[in-house]
There are 2 protein chains.
Amino acid sequence: MMGKQKQQNVDIALLHHPVLGRKGEIIGSAVTNLDLHDIARTARTYGIGNYFVVTPYEDQQKLVDEILEHWCGGHGSTYNPARKEAFSLVKLANSLDEVIELTTKNQTSPVLVTTSAKNQAGSISYEESRARIARGEQTLLVFGTAHGLAPEITARADYTLPAITGPTDYNHLSVRAAVAIICDRLLR
Amino acid sequence: MMGKQKQQNVDIALLHHPVLGRKGEIIGSAVTNLDLHDIARTARTYGIGNYFVVTPYEDQQKLVDEILEHWCGGHGSTYNPARKEAFSLVKLANSLDEVIELTTKNQTSPVLVTTSAKNQAGSISYEESRARIARGEQTLLVFGTAHGLAPEITARADYTLPAITGPTDYNHLSVRAAVAIICDRLLR
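Residues numbered from 1 in each chain as written. Chains lettered and ligands numbered in written order. Predicted model: local features only at pLDDT ≥ 70, side-chain atom pairs only at ≥ 80, totals over all residues. Heavy atoms only, no water.

Chemist: For the relation of the copies chain A and chain B, give the residues involved together with the corresponding values.
Modeler: Placing chain A over chain B gives an RMSD of 0.0 Å and needs a rotation angle of 180 degrees, together with 0.0 Å of translation along the axis. Expressed as a symmetry operation, the mapping of one chain copy onto the other fits a two-fold axis. Most of the interface of chain A is mirrored in chain B: 100% of its interface residues are interface residues there too. (Least-squares fit on C-alpha atoms with pLDDT ≥ 70 in both. Contact = heavy atoms within 4.5 Å.)

Chemist: Give a description of the interface of chain A and chain B that names residues and reports values.
Modeler: Each partner contributes residues to the interface: chain A has 38 residues there, and chain B has 38 residues. Regarding the contact of chain A and chain B, the summed buried area is about 3,500 Å², with carbon and sulfur atoms giving 52% of it. Of all elements in the fold, only α1 (33-45), α4 (81-87) and α8 (175-187) of chain A reach the threshold of two or more residues within the side of chain A that touches chain B. Per-class residue counts for the side of chain A that touches chain B are 14 nonpolar, 11 polar and 13 charged. (Buried area = accessible area lost by both parts, 1.4 Å probe. Helix = DSSP H or I, 4+ residues; strand = E, 2+ residues; numbered from the N terminus. Nonpolar A, V, L, I, M, F, W, Y, C, P; charged D, E, K, R; others polar.)

Chemist: If you had to explain unusual backbone geometry to someone new, which residues and values would you point to?
Modeler: That bond from A:His17 to A:Pro18 is cis: its omega, -5 degrees, falls within 30 degrees of zero. Here A:Pro18 shows up in the loop between β1 (10-15) and β2 (19-20). Despite not being glycine, A:Asn106 has its phi angle at roughly 50 degrees, a positive value. Within the secondary structure layout, A:Asn106 lies in the loop between α5 (96-103) and β6 (111-114). Look at A:Asn106 and you get exposed, because its relative accessible area is 75%. A positive phi angle, close to 50 degrees, is found at B:Ala146, a residue other than glycine. Among the secondary structure elements, B:Ala146 is positioned in the loop between β7 (139-144) and α7 (151-154). The class for B:Ala146 is partly exposed, based on a relative accessible area of 47%. (Buried < 20%, exposed > 50% of the residue type's maximum accessible area, 1.4 Å probe, protein only.)

Chemist: Talk me through the nonpolar core; I want residue IDs and the actual numbers.
Modeler: Ranked by internal contacts, the top residues of the largest apolar core, which has 86 residues, are A:Tyr51, A:Leu141, B:Tyr51 and B:Leu141. Excluding residues within four positions of it along the chain, B:Tyr51 makes contact with B:Ile12, B:Leu14, B:Asp35, B:Leu36, B:Ile39, B:Ala40, B:Ala43, B:Leu89, B:Val90 and B:Lys91. (Core = buried A, V, L, I, M, F, W, Y, C linked by side-chain atoms within 4.5 Å.)

See below:
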């Protein structure tokens, strides 16, 4: 039985580098304000531990810091306490390696799970992933911005999740929608 | 068996008026650019027929028209054809009544289904709703912006859907996330 405040043993990382550009080249993307808001709210709803916003760019880190300061300590925190609660999960990181370092407990690193709009080798079903998480397996869900995670990231995964498909062959969900759907499938 | 381009008999309406403000008062909200993008992409993924953006305000309708023109006919349509495909589902309407008029077929209006972040009277389970839709029941899913649909809208529903909850009691998902999760639960 789950308490209403049950903490899942799951973190999320949203990568802005290295990700794919329009032509499949490796790029770094800009942070999107609404990615912070929407994904923090989804993470808080589904009991995620930390939501890591991953970018190596100092100007982008400064932008994230300013947004966090507004909602966690500034005017936003009193104007909208529910938003503050969501933003309290958001952490900055330079790289996936730093996220793994920060989430390693007792010398055990989290199970690395990547996501993609295209099916990748090494995927397991949502049901199986859900069962592993329910058993308490510490899990890091990794999402890419722009046109998705670079192959060097996907290659490091312990397993990948199947692409989200509806009854059509259109596979261009926003990352905000993809995070929401995947959290609902794995953690509801 | 579903073909990969199966058209569901389901439309979506996103209401900007009448909706609730912070203090429970009736307000009209502004259209958010990313609501158009994210919900159009989700709608296209899940085989939704039309995505009605509902606002009585002329300046807001003009804004929506300009965004649609950019992505459906302007530079955006060649820059990003997948986005054009999603935006082709977007229609403007003045009111819920106009949406119902536009979606009435053979003098039968659609089954009106409302959504809320708080549980309402008259809700049925997602499984039951999913089964009704799968039987081909023509359905209009209604979502509210700001702090949710006005009671006068909810009162008109044929049925409502339960609030989306994760393993916590936090109920402040973005409408973009809520639409994604509900489409996935009902139509995947």
